[in-house]
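Next come the chains, spelled out residue by residue.
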Amino acid sequence: MQDDKTNAAAYWSANLRLIAGSMFVWALVSYGFGILLRPLLSGIAVGGTDLGFWFAQQGALLTFIALIFFYAWRMNKLDKKFGLEE
């Protein structure tokens, strides 16, 4: 019984680390590059506009979609590691 609780706690801890890392990347791209660092990125042109604007309009969306696939891939690996795969 104690081993099941330890296994569940380790699984949940790994899941929370994955969520925290994904949220950090999302916040960095959305708020950091798109809003806070936009003046620094204004000199770099991407697709006819500056890089800060691109991150605010397109980069954050593409990063969010990539994070969804990354999270699903890592959770599948985590499920297999802890014997919880479907």
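You'll find the structure just up there.
Analysis parameters
Residues numbered from 1 in each chain as written. Predicted model: local features only at pLDDT ≥ 70, side-chain atom pairs only at ≥ 80, totals over all residues. Heavy atoms only, no water. Patch = residues over 30% accessible without salt bridge, like charges linked within 9 Å, V, L, I, M, F, W, Y side chains within 5 Å. Areas by Shrake-Rupley, 256 points an atom, 1.4 Å probe, with all protein chains shown as cover. Salt bridge = Lys/Arg side-chain N within 4 Å of Asp/Glu carboxyl O. Lys, Arg positive; Asp, Glu negative; His and termini not counted. Charge placed at Lys NZ, Arg CZ, Asp CG, Glu CD. Helix = DSSP H or I, 4+ residues; strand = E, 2+ residues; numbered from the N terminus. Polar contact = N/O pair within 3.5 Å; in protein donor to acceptor, adjacent residues only side chain to side chain. Contact = heavy atoms within 4.5 Å. Core = buried A, V, L, I, M, F, W, Y, C linked by side-chain atoms within 4.5 Å. Buried < 20%, exposed > 50% of the residue type's maximum accessible area, 1.4 Å probe, protein only. Expected span 1.5 Å × (residues − 1). Bend = angle between axes of the 7 residues up to and from the residue.

Visitor: Sorry, what's going on with a positive patch on the surface here?
Guide: Positive charge collects at one region of the surface, where Arg 17, Arg 74, Lys 77 and Lys 81 lie side by side. With three residues, helix 3 (residues 51-81) is the largest single contributor of residues to the positive patch. Relative to the helices and strands, Arg 74 resides in helix 3.

Visitor: Is there a simple way to explain a nonpolar patch on the surface in this structure?
Guide: Together, Tyr 31, Ile 35, Leu 36, Leu 37 and Leu 40 make up an exposed nonpolar region whose accessible area comes to about 550 Å². Tracing the backbone shows Leu 40 in helix 2 (residues 38-41).

Visitor: What exactly am I supposed to notice about the side chain of Asp 50 here?
Guide: As for its position among the elements, Asp 50 is in strand 2 (residues 49-50). Side chain to side chain, Asp 50 and Arg 38 meet in a polar contact 3.5 Å long. In this structure the side chain of Asp 50 is engaged in a polar contact, spanning 3.1 Å, whose partner is the backbone nitrogen of Phe 53. Contacts of Asp 50, omitting those with residues within four sequence positions, involve Arg 38, Leu 41, Ser 42 and Ile 44.

Visitor: Explain the side chain of Ser 30 here, please?
Guide: Summarising the element assignment, Ser 30 is placed in helix 1 (residues 2-36). Here Ser 30 is in contact with Ile 35 and Ala 60, once residues within four sequence places are set aside.

Visitor: Honestly, the nonpolar core in this entry has me stumped. Any pointers?
Guide: In summary, soluble globular proteins display a tendency toward joint burial of nonpolar side chains. Judged by nonpolar contacts, Tyr 11, Ala 14, Leu 18, Met 75, Leu 78 and Phe 82 together constitute the single largest core of six residues. Mapped onto this core, the elements with two or more residues apiece are helix 1 and helix 3. Ranked by the residues each element gives to this core, the list is headed by helix 1, at three residues. Judged by nonpolar contacts, the second largest core, of five residues, contains Val 29, Leu 41, Leu 51 and Ala 60.

Visitor: Explanation requested: the environment of Leu 18 in the structure shown.
Guide: With respect to the secondary-structure elements, Leu 18 resides in helix 1. For Leu 18, a relative accessible area of 13% puts it in the buried group. Distance from Leu 18 to Leu 51, taken between C-alpha atoms, is 28 Å for residues 33 residues apart in sequence.

Visitor: So what exactly am I meant to see when it comes to helix 3 here?
Guide: Helical geometry: 3.6 residues make up each α-helical turn, so side chains three or four residues apart lie on a common side. Relative to the 45 Å expected for 31 residues at 1.5 Å per residue, helix 3 spans just 39 Å between its end C-alpha atoms, considerably shorter than the ideal helical length. Maximal helix bending in helix 3 amounts to about 50°, located at Gln 58. Residues of helix 3 that are buried include every one of Leu 51, Gly 52, Phe 55, Gly 59, Ala 60, Thr 63, Leu 67, Met 75, Leu 78 and Asp 79, and no others. With a side-chain oxygen lying 3.3 Å from the backbone nitrogen of Gly 52, the N-terminal cap of helix 3 falls on Asp 50. In the stretch just after helix 3, Gly 83 is the one whose phi turns positive, near 70°.

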